[in-house]
Amino acid sequence: MARQAASHFAQFAASAFRMFGRAAMVDASFCPRRGWRLLSAAAFVATLFFVATAAVADRWTPESPEVNQAVERAWAYLQTAVNASGESRTGAWALIGLAALKSHRSSEEPLLLRAANEIRSRIPPSRRPQDFSVGTWDIYSTGLSLIFLCSYDPVRYREDIQAILGYLVLRQKPHGGWGYPPGSTHEATGDTSMTQYAVLGCWEAIQAGIPVPGEVLNKVASWLVHTQDPGGGYAYQGNVGPGGQLVPQSGVRIGMGVAGMASVYVLASLLEMRRISPEEDQTLPPALKRIEQERSAGRLRLSIPEASLRATIQRGNAYVEQNFQMPSGMYNYYYVYSLERYFTFRQLVEGHAEDRIPWYDLGVEYLLKTQANDGSWNHQCGPVCDTAFGILFLTRSTQQSVERVRDFGAGVLVGGRGLPKDTDAAVIKDGQVVALPLRISVEELTAVLESPDAAAAAAALDALQARPRDETRLFVAKNAEALRRLAGGENREAKVAALTAIGHGDDLTLAPILIDALGDDDPDVVIAADRALNRLTRRPGGGLTPGFTDTQRQIRIREWKQWYHAIAPDAEFD
């Protein structure tokens, strides 16, 4: 009850603050005294709002028992409802698969495997973009299928992902957005709702090591900048104004504002630029200086001024904070999934937690209150899709994707976030956006990690984790013995870096090095080895976490040894 009361009060106070604040800004122009009184009222309500926010903030987490129970009930519903409903939509199957993954079902879960097979069966045998069925592959389904397959197993489904991505690129409109096909009512405009899934699909492909044309990302970034309403929101259909000027959009609403801004932040996480001051340049070791020079040569350049992107973000965030509500009133469960994506990528880019709006707590309260007796949620997307959206919100699905990247590498780095930031998330190679390549030998890496400069060591670790998969395989294959020596050495950072590199190398014969490292005295080394084994075996979740017990460690060692003996019966461990 206390949680619910605090949540309701936070929503009331936020609404009152918006009302008083806007009225004060208007009245101050015409009647300073009345404007001052209203501003005072706004300040008072703001105080109440932040008190309520503090009271409700962080009350719920994905691990809360009530949240877990809601997720389990929702999953039980999906298991029974899919067959009963005869679900045929490609995008719905992708959502079902994502719900299974994000709620940590087994990789052999029947419904998970069926979702992958349903999607793959709809890819034309030729795999040519022009042969995809527009009716089967609407943009929602295309983007969601990319997100799902990249999250599930980007190695096994690489050719499928590449085919779907090729179709998505073909469907991008000349202005940069995605939307309805030719012959439709809205064929000329871009669709903010559809575009958000296309953008996230591109992001997931990049994290999976699959190139995305740089022009595709630049075009959609430009479209998002130029279809923003002057007030910071977005409409369902975005219209580009003449001469690049912002024009009032028709039908602006909070759901589309969140969807549009989520896409902006996803792109901001990819299209950032790194600038090194002369002072910084003098402090970098030679090996890292060379890396920075190569970053500069291959960095993705925005086709729009960086200031325009910053202005878009500023307007959009102000709009969301002024108009936030739970629920949105339209497509309520689709909306909560968009909220989770927006706030996750906002935190990723800005580098700090968003605490002005207790969005997760309010969303949990809403979902717990509206879940049906059979475990489903149902508004305007149908019970299967809405239930999947509910699961994706409660499990913090986007946060899981971001954490997966942090744990396993790929296109996004571990370092601080911001515009600009200290490391780059993607570069251009042969006109394609790919993960940042590494041009550093083991000898150079050792010199950097053994230097007394802790910042240089951290930068080297980030650079190592950002190496593209194909190049990492060659790197590990050529330097396996050197990596083995580093992994067994005394330098903690060198051990972690070597174990991480082995995990990215896709060479199962090196797994015993990682298994042996599980016995290290340093907990950080043990966790690095366990995560590297997860990466090597394509297991997206589970494993040791900080604060693990020795019993948990021994169980993990036994499990990994059993796995390896199943593929190499004669293997021996140190």
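Since we're looking at a predicted model, the values are computed, not measured. (Residues numbered from 1 in each chain as written. Predicted model: local features only at pLDDT ≥ 70, side-chain atom pairs only at ≥ 80, totals over all residues. Heavy atoms only, no water.)

Before going further, it helps to examine the overall build of the chain. Each helix and strand counted, the chain has 25 helices and five strands in total. At a minimum sequence separation of 6, the contacts of the chain that also span at least 24 residues come to 72%. When the accessible surface of the chain is summed, it comes to about 23,800 Å², and 54% of that surface belongs to carbon and sulfur atoms. (Helix = DSSP H or I, 4+ residues; strand = E, 2+ residues; numbered from the N terminus. Contact = heavy atoms within 4.5 Å. Areas by Shrake-Rupley, 256 points an atom, 1.4 Å probe, with all protein chains shown as cover.)

Geometry of a packed helix pair, given as the angle between the helix axes and the separation of the axes. For the pair helix α6 (residues 139-152) and helix α7 (residues 158-171), the least separation of the axes is 10 Å and the interaxial angle reads 150°. With respect to α7, the element α6 is oriented roughly antiparallel. In this structure, α6 crosses over α7, and the sense of that crossing is left-handed. On α7, the residues touching Ile139, Thr142, Ser145, Leu146, Leu149 and Cys150 of α6 are Asp160, Ile161, Ile164, Leu165, Tyr167, Leu168 and Arg171. (Axes fitted to C-alpha atoms, helices over the stretch in contact; angles between N-to-C directions. Parallel < 35°, antiparallel > 145°, perpendicular 65-115°, else oblique. Left-handed = near helix turned anticlockwise from the far one by under 90°.)

Quick look at the packing of aromatic side chains now. A full pass over the atoms with the stated rule returns 21 aromatic pairs. Pairing phenylalanine 132 with tyrosine 167 gives two aromatic rings, centres 4.8 Å apart and planes at 10°, and the pair type is stacked. Residue phenylalanine 132 is found in the loop between α5 (110-120) and α6, and its partner tyrosine 167 is found in helix α7; the two are separated by 35 residues along the sequence. Overall, phenylalanine 132 belongs to the buried group, its relative accessible area being 5%. Look at tyrosine 167 and you get buried, because its relative accessible area is 2%. (Phe/Tyr/Trp six-rings, centres within 6.5 Å; stacked < 30°, edge-to-face > 60°. Buried < 20%, exposed > 50% of the residue type's maximum accessible area, 1.4 Å probe, protein only.)

Another aspect to go through is the nonpolar core. Counting residues in each nonpolar core, the largest one holds 111 residues, and the members touching the most others are Phe148, Phe389 and Leu394. Here the element with the most residues in this core is helix α10 (residues 254-270); it accounts for twelve residues. With residues near it in sequence (within four places) discarded, phenylalanine 389 still touches Leu95, Tyr197, Tyr333, Tyr334, Val336, Tyr337 and Cys381. (Core = buried A, V, L, I, M, F, W, Y, C linked by side-chain atoms within 4.5 Å.)

On to the state of the cysteines. Under the counting rule described, the total for this entry stands at zero disulfides. The thiol sulfur of cysteine 385 is not disulfide-bonded, and the nearest other cysteine sulfur, from cysteine 381, lies at 6.3 Å. When its relative accessible area of 7% is taken as the criterion, cysteine 385 is described as buried. (Disulfide = S-S within 2.5 Å.)

Moving on, we come to the side chain of glutamate 109. Mapped onto the elements of the fold, glutamate 109 is located in the loop between α4 (90-102) and α5. Notably, glutamate 109 is buried but unbridged: the nearest opposite-charge side chain belongs to arginine 105, and the N-O separation is 6.1 Å. Beyond its immediate sequence surroundings of up to four residues, glutamate 109 is in contact with Trp75 and Gln79. (Lys, Arg positive; Asp, Glu negative; His and termini not counted. Salt bridge = Lys/Arg side-chain N within 4 Å of Asp/Glu carboxyl O.)

The interhelical angle for the contact between helix α24 (residues 523-536) and helix α25 (residues 550-567), taken along N-to-C directions, is 35°, at an axis separation of 12 Å. The handedness of the crossing between α24 and α25 comes out as left-handed. Of the residues in α25, those touching α24 at Val526, Asp530, Leu533 and Asn534 are Arg553, Arg556 and Trp560. Of the residues assigned to the contact of α24 with α25, the class counts are three nonpolar, one polar and three charged. (Nonpolar A, V, L, I, M, F, W, Y, C, P; charged D, E, K, R; others polar.)

Right, let's get into α4. In a regular helix each residue adds 1.5 Å, so 13 residues correspond to 18 Å; α4 covers 18 Å between its end C-alpha atoms and thus fits that length. Taken across its 13 residues, α4 has 13 buried, putting it largely inside the fold. Directly beyond the C-terminal end of α4, a positive phi value near 65° is found at histidine 104. (Expected span 1.5 Å × (residues − 1).)

Turning our attention to the environment of alanine 100. As for its position among the elements, alanine 100 is in helix α4. With a relative accessible area of 0%, alanine 100 lands in the buried category. Counting along the chain gives 22 residues from alanine 100 to leucine 78, while the straight-line C-alpha distance between them is 9.6 Å. Residues within four places of alanine 100 in sequence aside, it is in contact with Trp75, Arg105 and Leu112.

Turning our attention to the pattern of salt bridges. Inspection of every chain in the model, using the stated rule, returns 15 salt bridges. Note that aspartate 530 is salt-bridged to arginine 556, the shortest N-O span being 2.7 Å. Taken together, the positions of aspartate 530 in helix α24 and arginine 556 in helix α25 put the pair 26 residues apart, joining distant regions of the chain. For glutamate 559, the salt bridge identified is with arginine 556, shortest N-O distance 3.4 Å.

Bringing the side chain of glutamine 172 into the picture now. Considering the arrangement of structural elements, one finds glutamine 172 in the loop between α7 and β1 (190-191). Only 2.9 Å separates the side chain of glutamine 172 from the backbone oxygen of glycine 176, close enough to count as a polar contact. The residues contacting glutamine 172, other than those within four sequence positions of it, are Gly177, Trp178, Val216, Lys219 and Val220. (Polar contact = N/O pair within 3.5 Å; in protein donor to acceptor, adjacent residues only side chain to side chain.)

Between its terminal C-alpha atoms α10 stretches 25 Å, which fits the 24 Å expected from 17 residues at 1.5 Å a residue. The buried fraction of α10 is high, at 17 of 17 residues.

Within the element layout of this structure, alanine 163 appears in helix α7. Once the C-alpha coordinates of alanine 163 and serine 126 are considered, the two residues, 37 residues apart in sequence, prove to be 9.3 Å apart. Once residues lying within four places of it in the same chain are set aside, the contact partners of alanine 163 are Ile123, Arg127 and Phe132.

Further remarks concern unusual backbone geometry. With omega at 0°, the peptide bond leading from methionine 326 into proline 327 counts as cis. Within the secondary structure layout, proline 327 lies in the loop between α13 (306-323) and α14 (332-350). The phi torsion at histidine 104 lies on the positive side, around 65°, for a residue other than glycine. Its location among the elements puts histidine 104 in the loop between α4 and α5. Residue class for histidine 104 comes out exposed when judged on its relative accessible area of 59%.

A separate point is the confidence of the model for the chain. Here the chain averages 77 in pLDDT, while 70% of its residues score no lower than 70. When pLDDT is averaged over each helix and strand of the chain, the minimum, 40, is found for strand β4 (residues 427-429) and the maximum, 96, for helix α16 (residues 383-394). Residue range residues 283-299 is modelled with pLDDT below 50. Its contacts to residues more than four positions away, or to other chains, number 40 contacts. Across residues 453-459, confidence stays below pLDDT 50; counting only partners more than four residues off in sequence or on other chains, it has nine contacts. (pLDDT = per-residue confidence, 0-100.)

Further remarks concern the environment of glutamine 552. Considering the arrangement of structural elements, one finds glutamine 552 in helix α25. Judged by relative accessible area, glutamine 552 falls into the partly exposed class, the value being 40%. A distance of 2.8 Å separates a polar side-chain atom of glutamine 552 from the backbone nitrogen of threonine 549.

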